[in-house]
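Summary of the model geometry
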Amino acid sequence: MANSEVRDFYEGPGWKLDNGVTHDAKINENLDPVASEYVHKVRTRIAENLGMGVKLLDVGCGPIQYPEYQDYSKNFEKRICVDLSQAALDLAKARIGNHGEFIKGDYLVIPTPIFAPYDGAALINVLYHVDKEKQAELVRKILNDLNKKSKLVIVYSNPRTVSALLTRLSVFMLHLLKKIILGRRKVELENPIYFYRHPNTFWTQFTDVAIVEQKAWRTFSPSLEKIFFKRFLGGKMLLKILF
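The following refers to the structure shown. (Residues numbered from 1 in each chain as written. Predicted model: local features only at pLDDT ≥ 70, side-chain atom pairs only at ≥ 80, totals over all residues. Heavy atoms only, no water.)

**Let's talk about the overall build of the protein**
Threshold: Labels follow the DSSP assignment, with helices taken as runs of H or I lasting at least four residues and strands as runs of E lasting at least two, numbered in each case from the N terminus. Accessible surface is estimated by sampling points in the Shrake-Rupley manner with a 1.4 Å probe; for residues, cover comes only from the protein chains shown.
Looking only at helices and strands, the protein has nine helices and seven strands in total. Just so you have it, the protein exposes about 13,700 Å², and 57% of that area is on carbon and sulfur atoms.

**Structural notes on the nonpolar core**
What counts is decided by this rule: We call a set of buried residues a nonpolar core when its members are Ala, Val, Leu, Ile, Met, Phe, Trp, Tyr or Cys and they connect through side-chain atoms within 4.5 Å of each other. Each residue gets one of three labels from its accessible area relative to the maximum for its type: buried under 20%, exposed over 50%, partly exposed in between, using a 1.4 Å probe on protein chains only. It only takes one pair of heavy atoms within 4.5 Å for two residues to be counted as in contact.
In terms of nonpolar packing, the biggest core is built from 25 residues, with L57, Y107, L123, L127, L138 and I142 touching the most fellow members. Where this core is concerned, the elements lending two or more residues are β3 (53-59), β4 (76-83), β6 (118-124), α6 (135-144) and β7 (146-155). The greatest single-element share of this core, amounting to four residues, is contributed by α6. If near-sequence neighbours (up to four positions away) are discounted, L127 is found in contact with Q135, L138, V139, I154, Y156, F202 and W203. In terms of nonpolar packing, the next biggest core, distinct from the first, is built from 24 residues, A25, I46, L56 and V153 among them.

**Structural notes on the state of the cysteines**
Joining two cysteines, a disulfide is a covalent bond between their sulfur atoms. The condition that has to hold: Note on disulfides: each one is a pair of cysteine sulfur atoms within 2.5 Å.
Inspection of the entire model under this criterion finds zero disulfides. This cysteine, C61, is not joined by any disulfide, and C81 carries the nearest cysteine sulfur, 4.4 Å off. By relative accessible area, C61 is classed as buried at 8%.

**A closer look at the pairing of strand β5 (residues 100-104)**
Two faces, one strand: in a regular strand the side chains alternate between the faces of the sheet. Worth spelling out the cut-off: Note on pairing: DSSP must find at least two bridges between two strands before they are called paired. The crossover handedness rule: strands pointing away from the viewer, path from first strand over the helix to second strand clockwise, crossover right-handed.
Examined bridge by bridge, β4 and β5 share five bridges and lie parallel to one another. Residue C81 lies in a different strand from β5, and its bridge partner there is F102. Following the chain from β4 across helix α5 (residues 86-96) to the adjacent parallel β5, one finds a crossover that is right-handed.

**Some points on the environment of K78**
Counted only if it meets this: Here a polar contact is recorded for every N or O atom pair within 3.5 Å, except that within protein the pair must consist of a potential hydrogen donor and a potential acceptor, and residues adjacent in sequence are included only if both atoms are side-chain atoms.
Mapped onto the elements, K78 comes out in strand β4. Classification of K78 as partly exposed rests on a relative accessible area of 23%. Here the alpha-carbon distance between K78 and L56, two residues 22 residues apart in the chain, equals 6.3 Å. Those residues in contact with K78, other than ones at most four positions away along the chain, are V54, K55, L56, N98, H99, G100 and E101. A polar side-chain atom of K78 sits 2.5 Å from the main-chain carbonyl oxygen of N98.

**Looking at the sheet that holds β7**
Each strand in a sheet pairs with its neighbour through backbone hydrogen bonds, running either in the same direction (parallel) or in the opposite one (antiparallel). So the rule is basically this: Inter-axis angles, ranging from 0 to 180 degrees, are taken between N-to-C directions of lines fitted to C-alpha atoms, where helices are fitted over the stretch in contact.
Strand order in this open sheet of five strands is β5-β4-β3-β6-β7, and the pairing throughout is parallel. Edge positions in the open sheet fall to β5 and β7, since each of these has one partner strand only. Within this sheet the neighbouring strands show an average axis-to-axis angle of 20°, counted without direction.

**Looking at the packing of aromatic side chains**
Test applied: Paired rings are identified among Phe, Tyr and Trp, the last through its six-membered ring, by centres lying within 6.5 Å, and are further divided according to the angle between planes into stacked (under 30 degrees), edge-to-face (over 60) and tilted (the rest). By definition here, charges over rings are those cases where NZ of Lys or CZ of Arg is within 6 Å of the ring centre and within 35 degrees of the ring normal.
Considering all chains together, one arrives at 11 aromatic pairs under this definition. Measuring from centroid to centroid gives 5.0 Å for Y66 and Y69, while their planes differ by 85°, and the two rings are edge-to-face. Given the relative accessible area of 9%, Y66 is considered buried. Under the relative-accessibility criterion, Y69 is labelled buried at 13%. Ring plane angle 85° and centroid distance 4.8 Å describe the contact between F202 and W203, whose orientation is recorded as edge-to-face. For the pair F202 and W203, one class covers both residues: buried. Members of the aromatic cluster, connected to one another through ring pairs, are Y128, Y156, F195, F202, W203 and F206. A cation over an aromatic ring shows up here: K132 above the ring of Y196, its NZ or CZ 5.1 Å from the ring centre.

**Some points on the pairing of β7**
Bridge count between β6 and β7: six bridges; the pairing is parallel. Of the residues in β7, the one forming a bridge with Y118 is L146.

Structure below.
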């Protein structure tokens, strides 16, 4: 169910381009110029933590749609891109060309690619779209396919934070307002694909095979940023303080 929802969304509207911007980015990223410097700094944190080597595994690579995402493999000779969506892989190939190898499929299901073992791996904004019962299995498979002392960087989200609570409340209020204004009985979610986040204790189960570090990546969700960090509210300065 989770995979089919994700695949259908990204083979459908998800990676469609409108003036060079994907539908996914319009929904899930803060594209307001006020936030551009902050978002750039946030994204560069990934490359800083990936290390270097010959082969980087990028699971759920998407179209590698931002310049900072291309930089994730700048210290690697090859980027092994795996994704459920052929549309994503086609766009990714157009961006990084021969620097990449492109594999369509579910990393949990496909045989371990011949490129393994890897010198680093990235799982960026992907894991919470995997079935909650299979998330740990995916993490373990990737860890198993890494060389010793290599790094796996995962961007995830803790559901038990003030930011997460505010995001849920804000989204609920916006949907309620739409319902009142538009007179609809049901307001469709903008991004209706599977999404499940385990609490931070989820990560302790991997200490038998890895050194687990949890670091802050982004203080607030893009949804909250788009609502509260406006230029007329001093948004740019507030975001500088947050980083």
